[in-house]
Structures are given as structure tokens and as C-alpha cells.
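Each chain is listed here by its residues.
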Amino acid sequence: MLRFDIITIFPEFFRGVFDFGIVRRARAAGLVEIAAHDLRGWTHDRHKVVDDRPFGGGDGMVLKPEPIFEAVESLTGHAAGTCEAGVRVVLLSPQGRVLSQGLAAELSAARQVVVICGRYEGVDERVAEGLATDEVSIGDYVLSGGEPAAVVLVDAVTRLVPGALGSETSAVNESFAEGLLDFPNYTRPVEFRGRRVPEVLLGGHHAQVARWRRRAALRKTRRNRPDLFERAGLTEEERAALDADGE
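This report concerns the structure included in the present document.

## Digging into the packing of helix α3 (residues 101-108) against helix α5 (residues 147-158)
Two elements in contact, α3 and α5, have axes separated by 8 Å at closest approach and are oriented at 75°. The pairing of α3 with α5 is recorded here as roughly perpendicular in orientation. Packed against α3, whose contacting residues are Ala104, Leu107 and Ser108, the element α5 presents Leu153, Ala156 and Val157 at the interface.

## A short note on the nonpolar core
Counting 30 residues, the largest nonpolar core has Leu2, Phe4, Ile6, Phe18, Leu92 and Leu153 as the members making the most contacts within it. Of all the elements in the fold, those that place two or more residues in this core are β1 (2-8), α1 (21-28), β2 (32-38), β5 (87-98), α3, β6 (112-117) and α5. Ranked by the residues each element gives to this core, the list is headed by α5, at 7 residues. Apart from residues no more than four positions distant in its own chain, Leu92 is found in contact with Val115, Ile116, Cys117, Gly118, Val136, Gly146, Ala149, Ala150 and Leu153. Among the nonpolar cores identified, the runner-up in size contains 18 residues, and Ile7, Ala71, Ile116 and Val123 belong to it.

## Notes on the sheet that holds β1
Strands sit in the order β2-β1-β6-β5-β7 across an open sheet of 5 strands; the sheet is parallel. This sheet does not close on itself; its edge strands, each paired only once, are β2 and β7 (134-137). Taken over all neighbouring pairs, the strand axes of this sheet differ in orientation by 30° on average, direction set aside. Both β1 and β2 contribute to a ladder of 7 bridges, which runs parallel. Across the sheet, Ile7 pairs through a bridge with His37, a residue of β2.

## Focus: the pairing of β6
The buried fraction of β6 amounts to 6 of the 6 residues, a majority that puts the element mostly inside the structure. Alternating residues of β6 divide into Gln112, Val114 and Ile116 and Val113, Val115 and Cys117, and every residue in both groups is buried. Of the strand pairs in this sheet, β1 and β6 are connected by 5 bridges, and their pairing is parallel. Counterpart to Ile6 in the pairing with β6 is Val115.

The rules behind these values
Numbers given to residues run from 1 along each chain, matching the order in which its sequence is written. Reporting of local features is limited, given that this is a predicted model, to residues whose pLDDT is at least 70; pairs of side-chain atoms are given and counted only at 80 or more, and all residues count toward the totals for whole chains, interfaces and linings. Only hydrogens and water are removed before side-chain values are computed, so all heavy atoms of the structure are retained for them. Axes here mean lines fitted to C-alpha atoms, for a helix over just the part in contact, with angles spanning 0 to 180 degrees between N-to-C directions. Under the DSSP-based scheme used, a helix requires at least four consecutive residues in state H or I and a strand at least two consecutive residues in state E, with every element numbered from the N terminus. Here the word oblique covers every angle except those under 35 degrees (roughly parallel), over 145 (roughly antiparallel) and from 65 to 115 (roughly perpendicular). In this description, contact between two residues means that some pair of their heavy atoms is separated by no more than 4.5 Å. Side-chain atoms within 4.5 Å link the members of a nonpolar core, which is a set of buried Ala, Val, Leu, Ile, Met, Phe, Trp, Tyr and Cys residues. Partly exposed residues are those whose accessible area sits between 20% and 50% of the maximum for their type, while under 20% is buried and over 50% is exposed, using a 1.4 Å probe and protein chains only. Should DSSP find at least two bridges between two strands, the strands are taken to pair.

This is how it looks when you write it as C-alpha cells:
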């Protein structure tokens, strides 16, 4: 079982959000366990203060290191910086490396993933330096807090836990699994408002379908994500086919 422990000042944010779809089924099957913890539970003052003004001045407030360190040490059972193999401590931050399918696969192999949700102007840097094993962003934009990002991370990681998708090939065939976007998918009706399903998908020839899907994925990746396309390993045949298509 993979356990997610989410540290947040808004634990109620997660009430019900994991009760749908693949994450719900994975929880019901005992593949993952998810718990949200109120950071204020690790404070020791009457007002349960978790933030303070930044040194050097500036707008906003910064989450204090003491309760975060205590929370992680309590949840993992290990002192800061001494987590055993299989335990990852993820600080969600706009300054982190961008969450990718590869990183999600890494995290899916863990036994425990502790997720720290930032708020306000951020988190005291000593959390990143001395506590987190990973500093992760879900994209080049700023959210009001790390809670929506935590939902994204849990979903992306859970679907890669063996057994979560039902079919072992589902995750292999998705976007980014091979560094490309997914190929286009079609279903009934065969024709809709003048647009017809490609004939190759109707013929039942598996090798031709696989070849078409690969080329279609390359075309879509080149059009929508040229950064991914530049890293794709193309065969000479694929290059020739794309050139012939004018791609």
C-alpha cells in the first residue's frame, strides 16, 4: 500500500475530493491510503500560529518551519533528513521541478509520500533545504495554495500504482508514457458532422493501427508540444512520413 499524508492548514479542502473515479477505487482496493492533517495540530501556542512575517520585509506571510518539521517527523517516525528508503517528502512550490509522468512513476514506487501544501507567500526555505526530499511544481503559474496541486499529484501518482487502472497497459499507452502526447481516439458514430473516423482504425489490422497511432501521436506532439517532440526518438521512416505529411 502507498500512503499519502497531506499537511495543510485547510484539511477540509480534501473532504470528498478523493471519493471519485480511479482514486476511490484504489482506496477501496487497499492500494492507497490518503489522510489530510491540520498543520495547526503541531503548534504549541494558544493561537495555533503557523505563519509569520518574512525577514527582510515584503508582502504577505511565510509558513514557519517548526510545525512543518514536527509534522513530518511525527508522520514518518524519523528525524528530519533521515527518512528511510521508500519515504518521500514533497514540498509543493512554484519553485520546484515540474511534475512529470516520470516523477509520478518514481513516487508511485514509494511506501509513503508526505505532501506539504504551501500557503501565503510561501514556506520557510529551511523546509526545502533540510526536510523535503522533493520540491515539486505542477506548472509555471501561481495558485493560492498547495491544496489543488496536492490533488493533482495524488491523482497522477495513484493511477500509476500497479492495479489501480485495472488494465496493466492503460498507463503505458497514455500521454507522456513514451515522452509523447497520446494518439487521437475515436468512438461511434463512424461519421459525425462531416468528420469521419480514419479508415485504418476500422479495418482491424493491428500492425497498421499501431503504425497510424504512432505517427498521429508524433504529429500531435509536434503541433502542440514542440518541446517534447524535439526529444522524441524518430526512425528514418517516421521522419519521412512526417515530411510527406508536411509536418
